Amino acid sequence: HGPNTDHEELKKMNKAIEKWESCEITIVNYKKNGEEFWNNFKISPVADDKGIYTHWIAIQRDVTEQKQKELEKELLGKISLNFSSEKDLLQSSKLLCQTICEYGRFDLVELWMPNIENTKLQLIANNAASTDATNFLEATKEIRSFLPGEGLPGTVWSKKNTSIWENINIKDDFVRKEAAEKTAIKNAAAFPLIYNNHIVGVLLIASQKEINHLKKHIKLFEK
């Protein structure tokens, strides 16, 4: 088990074991290398010919792929709600950043959009999900725009391709390197938001976790 294991579900299973009852739960578990996976766990008590319970049969399955599809569908539904007709762009953008942060348990999500003249990217909304991310935003609050090719958002804007930057705390091209070093924000990915072959924004996601935590979400956010 680990930090994202649902302990309420574990309590449910423990109670079933105490009562010699069958139970099924699906929780986040961890491999030896620290990688998360979704684990479906079924247990059933086995009785002897006198009806006395003697042992258990337990079946575990890795259902990560199936669970991921369910979570992706749920995410897309939430994003649609974020951009309902009753909300303005700024409010919707803030909700979008919050929704994505919660989905991937990321430390930071930012939305950058071109100005009217299409000469620079401007910060529209962000969401910090950790104290370190909040400190990062505070330390870089003066940086509200990027030129084409400048920093990670500007690079994605000019190249129109997804970029993943590892160890941004020591990467010179990452304009906010010093703040990343102080707050342990290690890795970041940015995605071009494209409509009718035009980039209408750049979505940036940053995390203190290892780079694989970002990489496993790349296809989803590109889609």
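Below or above, wherever it landed, is the structure these notes cover. None of the values given here were measured: they were computed from a predicted structure.

Quick look at the overall build of the chain now. Across its full length, the chain holds 8 helices and 9 strands. On C-alpha atoms alone, the chain measures out to a radius of gyration of 22 Å, which is more than a quarter above the 17 Å that the 2.2 N^0.38 rule sets for 223 residues. Along the first, second and third principal axes, the C-alpha atoms of the chain reach 80 × 40 × 25 Å. Residues classed as buried in the chain amount to 39% of the 223 residues present. For the chain, restricting intrachain contacts to residue pairs at least 6 apart in sequence, the fraction spanning at least 24 positions comes to 47%. For the chain, the accessible area works out to roughly 13400 Å², and carbon and sulfur atoms hold 49% of it.

Now for the packing of aromatic side chains. Note on aromatic pairs: each is described by the distance of the centres and the angle between the planes. Summed over the entire model, instances satisfying the criterion amount to 7 aromatic pairs. On the basis of an interplanar angle of 10 degrees and a centroid distance of 5.0 Å, the ring pair of Trp20 and Trp56 is categorised as stacked. Placement of Trp20 in the loop between helix H1 (7-18) and strand S1 (23-30) and of Trp56 in strand S3 (residues 53-62) is noted, with a sequence separation of 36 residues between them. Judged by its relative accessible area of 31%, Trp20 falls in the partly exposed class. Its relative accessible area of 27% is what places Trp56 among the partly exposed residues. When the ring of Trp165 is compared with that of Phe174, the centres are 6.5 Å apart and the planes differ by 70 degrees; the resulting orientation is edge-to-face. The class of Trp165 is buried, set by a relative accessible area of 10%. Here the guanidinium or amino end of Lys67 rests over the ring plane of Trp38, the centre of that ring lying 4.8 Å away. Lying over the aromatic face of Trp165, Lys171 brings its terminal NZ or CZ to 4.8 Å of the ring centre.

Evaluation of the coordinates by the stated rule reveals 11 salt bridges. Glu70 is paired through a salt bridge with Lys67; the nearest N and O atoms lie 3.9 Å apart. Taken together, the residues Glu70 and Lys67, both in helix H2 (residues 64-82) and 3 residues apart, mark about one turn of the helix. Since its relative accessible area comes to 42%, Glu70 is described here as partly exposed. A relative accessible area of 21% means that Lys67 is categorised as partly exposed. Ionic pairing is found between Arg176 and Glu110, a salt bridge with its closest N-O pair at 2.8 Å.

Time to look at the sheet that holds strand S6 (residues 145-146). Here we have 6 strands laid out as an open sheet, ordered S6-S5-S4-S9-S8-S7, and antiparallel in their pairing. Of all strands in the sheet, those bounded by a partner on one side alone are S6 and strand S7 (163-165). Two strands pair when backbone bridges link them, and strand S4 (residues 108-114) and strand S5 (residues 121-128) are joined in this way by 7 bridges, in the antiparallel orientation. Across the sheet, Pro114 pairs through a bridge with Leu121, a residue of S5. Against the sheet, helix H5 (residues 151-159) touches S4, S5, S6, S7, strand S8 (187-195) and strand S9 (198-207), its axis set at about 145 degrees to S9.

An ideal rise of 1.5 Å per residue puts 27 Å on 19 residues; H2 measures up with 26 Å between its terminal C-alpha atoms. Within H2, the full set of buried residues consists of Glu72, Leu75 and Asn82. All buried residues of H2 lie within an arc of 80 degrees about the axis, which places them on one face of the element. Opposite the buried face of H2, at more than 90 degrees from it, the exposed residues are Lys69, Lys73, Ser80 and Leu81. Tucked inside the fold, the buried residues of H2 contact helix H3 (89-104) and helix H8 (218-222).

Procedures and definitions
Residues numbered from 1 in each chain as written. Predicted model: local features only at pLDDT ≥ 70, side-chain atom pairs only at ≥ 80, totals over all residues. Heavy atoms only, no water. Helix = DSSP H or I, 4+ residues; strand = E, 2+ residues; numbered from the N terminus. Rg over C-alpha atoms; globule rule 2.2 N^0.38 Å. Buried < 20%, exposed > 50% of the residue type's maximum accessible area, 1.4 Å probe, protein only. Contact = heavy atoms within 4.5 Å. Areas by Shrake-Rupley, 256 points an atom, 1.4 Å probe, with all protein chains shown as cover. Phe/Tyr/Trp six-rings, centres within 6.5 Å; stacked < 30°, edge-to-face > 60°. Lys NZ or Arg CZ within 6 Å of the ring centre and 35° of its normal. Salt bridge = Lys/Arg side-chain N within 4 Å of Asp/Glu carboxyl O. Pairing = 2+ DSSP bridges. Axes fitted to C-alpha atoms, helices over the stretch in contact; angles between N-to-C directions. Expected span 1.5 Å × (residues − 1). Arc of directions from axis to C-beta.

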